[in-house]
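# Structural overview
So you can see what is in the structure, the chains are spelled out below.
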Amino acid sequence: DVKVTQSSRYLVKRTGEKVFLECVQDMDHENMFWYRQDPGLGLRLIYFSYDVKMKEKGDIPEGYSVSREKKERFSLILESASTNQTSMYLCASSLGQGVYPFSGANVLTFGAGSRLTVL
Amino acid sequence: AQKITQTQPGMFVQEKEAVTLDCTYDTSDQSYGLFWYKQPSSGEMIFLIYQGSYDEQNATEGRYSLNFQKARKSANLVISASQLGDSAMYFCAMREAPTGANNLFFGTGTRLTVIP
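The sections below set out a description of the structure shown in this document. A quick note: this is a predicted structure, and the numbers were derived from the prediction, not measured.

Reading the values: the criteria
Position labels on residues start from 1 in each chain and follow its written sequence. Chains carry letters and ligands carry numbers; both start at the beginning, A for chains and 1 for ligands, and go up in the order they are written. Residue-level local features of this predicted model are given only where pLDDT is at least 70; pairs of side-chain atoms are given and counted only at 80 or more, and the full residue set underlies all totals for whole chains, interfaces and linings. The basis for every side-chain value is the complete set of non-hydrogen atoms in the structure, without hydrogens or water. For this document, the term salt bridge refers to a Lys or Arg side-chain nitrogen within 4 Å of an Asp or Glu carboxyl oxygen. Numbered from the N terminus, helices here are DSSP runs of H or I no shorter than four residues, and strands are runs of E no shorter than two. Only protein chains enter the calculation, and the probe is 1.4 Å; a residue is then buried if its accessible area is under 20% of its type maximum, exposed if over 50%, and partly exposed in between. Here, residues are in contact when the closest pair of their heavy atoms is within 4.5 Å. Put simply, buried area is the surface a 1.4 Å probe can reach on two separate parts but cannot reach once they are joined, added for both. In the analysis that follows, any N or O atom pair within 3.5 Å is treated as a polar contact, provided that within protein one partner can donate a hydrogen and the other can accept it, and provided that, for residues neighboring in sequence, both atoms belong to side chains.

## A short note on the pattern of salt bridges
- In the structure shown here, the tally under the stated rule is nine salt bridges over all chains.
- We note a salt bridge from Arg73(A) to Glu22(A), for which the minimum N-O separation is 3.8 Å. Of this pair, Arg73(A) sits in strand 9 (residues 73-78) while Glu22(A) is found in the loop between strand 3 (19-21) and strand 4 (23-25), placing the two residues 51 residues apart along the sequence.
- Its relative accessible area of 38% is what places Arg73(A) among the partly exposed residues.
- For Arg63(B), the salt bridge identified is with Asp86(B), shortest N-O distance 2.8 Å. With Arg63(B) in the loop between strand 7 (60-61) and strand 8 (64-69) and Asp86(B) in the loop between strand 9 (74-79) and strand 10 (88-96), the pair connects residues that are 23 residues apart, well separated along the chain.
- Take Arg63(B): its relative accessible area is 22%, and that puts it in the partly exposed class.

## Quick word on the interface of chain A and chain B
- Between chain A and chain B, the contact holds 24 residues from the first and 26 residues from the second.
- Here chain A meets chain B over a buried area of about 2100 Å², counting both sides, of which 59% is carbon and sulfur.
- For the interface between chain A and chain B, the tally reads zero salt bridges.
- Here chain A and chain B share three residue pairs in polar contact (both at pLDDT 80 or more) between them.
- Residue assignment for the side of chain A that touches chain B shows that the elements contributing at least two residues are strand 5 (31-38) and strand 6 (42-51) of chain A.
- Considering every element that reaches the side of chain A that touches chain B, the biggest residue donor is strand 6 of chain A, with four residues.

Shown next, in the form of structure tokens:
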């Protein structure tokens, strides 16, 4: 089974601190994603990466950056944390882009989430 | 317009009963895929089932089935014989073609509570 591991389940940081959220997957997946989850808003894509050192902005990239130096690791960075970044952060990976018919290549495998509180 | 709409913020079901979680979607693409994920209180999103837009038969995976009504643009999840462990948030999602990370849209979720 694919495993996606997020390094921290709970973090408490202060406004202005730099925050690193780490995510590692162990099945050689091409794609990795960072989502933010807030009640009533569902999941919103922050950034995704389809290859090492490649990244693209999602729907809400402002205030975030990412790093993918190795295929298995995708880091989310909050350069200067703010209170409105208090949220649940979910990392996910998928085998590849896939084409229709939709297959397992398109299914996302998620980590357990990192709940960040910024005071 | 919302790409995925889940109109039931919360649902209750008696143990061993069946329950339907509603999902409607909005797309002008002919090729797309519909997914359901479960999120227990532990936080990890778990893939349950998917349906391709050209699939003529409704998808089934164990106790989960997807009631796909293409003309109505609905993709409801049916859970048969509910169990206490089914209590969780459930998210409907759609991937449009051409496939790309920005083409995956999630609904706001439905919290299901199974009553003993």
